[in-house]
Amino acid sequence: MSQSSALSSSTIDQFLAGARACIPVAISVAAYGMVWGMLARTAGLSLLEVVMMSGLVFAGSAQFVALDLWTATPSSLPVGPLVLAALIVNLRYLLLTATLRPLYPSSNLGRGALSMYLVTDENWAMTVAAMARGGGSVAFLMGGGVLAWVSWMTTNVTGFGLGSAIDDPSRWGLDFAFTATFLALLLGMWRGKADLLPWLVAALVAIATESSFDGSWHILAGGLAGSLAGAILEVRKHADQS
Amino acid sequence: MQTSPEALIAILGMALVTIAIKAGGLLLADRLPRQGFAAAWLRHIPGAVLAALVAPALVTGGPAEMLAAIATGGVFILTRNLFAAMAAGVLTVFLTRLMLGS
C-alpha cells in the first residue's frame, strides 16, 4: 500500500469522524434552519436570495440579525447596515479561528484561510475539544463543517417552503441543545485548578456584557478577558518558577 | 422577480466580511510567536470562549435551564458521553418547562 492512499483513507476517516461528532448539534442547527427559512420568507427574501445568503454567508446568528434589517423593496434595502451587522456579529470568529493555528502549517496557509469558510461555532467546538485530547485535524473540522452546511442549507429551503407551519424549537427544548453541548465540551476541557480563574473571568465578563449589549459581544469580551487572564497567570507562574 | 442588484450586493458584502473575519483569525494567529505569552493566550481561548458562550445562557435562564445544566454536567462527568449529556439537558429542559407550564 502506498503512503498516499494510507494518508487519504485516514483523511476520510477523520472527515467522517468530524461529521459524526457534529450530528447531535446538527439536529438543533436543522431546527433553527427551518425557523430561519420561514422568517426569511416573512421578511421578503426570495428563494434565490435565501439560497445565496445561506450558501455564501453561512453564519446563523448574522443571518438572523439580517432578517431584522431586510426590506422587500430593493430601493430601501439598507446595504451598509446589513454588511456592518454581519461584520459585528461575526467578530467573535477572530478568536475561534485563531485557535485552529496548530492544524495548519504556515506553508499551506492560503488554502487553510479559505477552508475557514466552513467554520461554525459547532464544528469549531468539536474540533478544539478533539485537539485538547490530542486529536483533531483539518479533515475532522471540514467533516463537521460540511454536515452543518448541508443541514443549514436544506432546512432553510424547507422552512421557506413550509412557511408558518413550523414549530418554535424551544417548545421541544432544542434551544438548550447548544448550551448543553458547549457546557459538556467545556467540562471535557478541564485540565486542573489553573483553568478555574480564566473560566470564571470569562463567565463573569460575558454575563456582564450580555446584560448591557445585544448581539454576540459577550462571546468576544468574555473569551478575550478569560484567555488573557489565563495567559497572564501562566506566564507569571512560569516566571516565579525560573 | 428573483433578486435585485441591491440584495445581491448586500449578500455578497455580508459573505465577504464573514470569510474575511474567519480567515483573519487564522492568518493573524499565524503571525504570533509560537512561545511565551501569545502561545499561552491562544491555548486559553477555547475554554474561555466556551465559558463565555454558556454562562449568560444559564444566568438569564430560569429554573428549567439551571436544572438542565446540572443534568448535563452530571451525565457528562459520569459517562463522558457528549451525546448523552446533550440529550439529558434537552430532555430536562423540555420536561421541566412542561411541568412549570412555561
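Residues numbered from 1 in each chain as written. Chains lettered and ligands numbered in written order. Predicted model: local features only at pLDDT ≥ 70, side-chain atom pairs only at ≥ 80, totals over all residues. Heavy atoms only, no water.

Identification of chain B as AzlD domain-containing protein from Devosia marina is taken from an unreviewed UniProt entry.

The name that an unreviewed UniProt entry assigns to chain A is Branched-chain amino acid ABC transporter permease, with the source organism given as Devosia marina. Under Subcellular location (unreviewed entry), UniProt gives the following word-for-word description of chain A: "Cell membrane". (UniProt positions renumbered as here; feature names shortened; annotations may be inferred.)

J.: Summarise the UniProt feature "transmembrane region" (unreviewed entry) in chain A; cite the residues concerned and give the values.
T.: All names here are of chain A. Following the UniProt record, the feature "transmembrane region" (unreviewed entry) maps to residues 15-35, 47-70, 82-104, 124-152, 172-189, 196-213 and 219-235 here. Here residues 47-70 runs as 88% helix and 0% strand, with 14 Å between its end C-alpha atoms. As annotated, residues 219-235 comprises 100% helix and 0% strand, and the C-alpha atoms at either end are separated by 24 Å. (Helix = DSSP H or I, 4+ residues; strand = E, 2+ residues; numbered from the N terminus.)

J.: Would you mind going over the interface of chain A and chain B in detail, with residue names and values included?
T.: Between chain A and chain B, the contact holds 86 residues from the first and 68 residues from the second. Summed over both partners, the interface of chain A with chain B buries about 6600 Å², with 80% contributed by carbon and sulfur atoms. Taken together, the links from chain A to chain B amount to 2 salt bridges. Across the chain A-chain B interface, the total number found is 17 residue pairs in polar contact (both at pLDDT 80 or more). The element that contributes the greatest number of residues to the side of chain A that touches chain B is helix 11 (residues 217-241) of chain A, accounting for 13 residues. Residue composition of the side of chain A that touches chain B, grouped by class: 61 nonpolar, 18 polar and 7 charged. (Contact = heavy atoms within 4.5 Å. Buried area = accessible area lost by both parts, 1.4 Å probe. Salt bridge = Lys/Arg side-chain N within 4 Å of Asp/Glu carboxyl O. Polar contact = N/O pair within 3.5 Å; in protein donor to acceptor, adjacent residues only side chain to side chain. Nonpolar A, V, L, I, M, F, W, Y, C, P; charged D, E, K, R; others polar.)

J.: A description of unusual backbone geometry should follow, citing residues and the corresponding values.
T.: Positive phi, close to 45°, is recorded for Phe 58 of chain A, a residue that is not glycine. A positive phi angle, close to 60°, is found at Arg 80 of chain B, a residue other than glycine. Within the secondary structure, Arg 80 of chain B sits in the loop between helix 3 (63-79) and helix 4 (82-100). When its relative accessible area of 51% is taken as the criterion, Arg 80 of chain B is described as exposed. (Buried < 20%, exposed > 50% of the residue type's maximum accessible area, 1.4 Å probe, protein only.)

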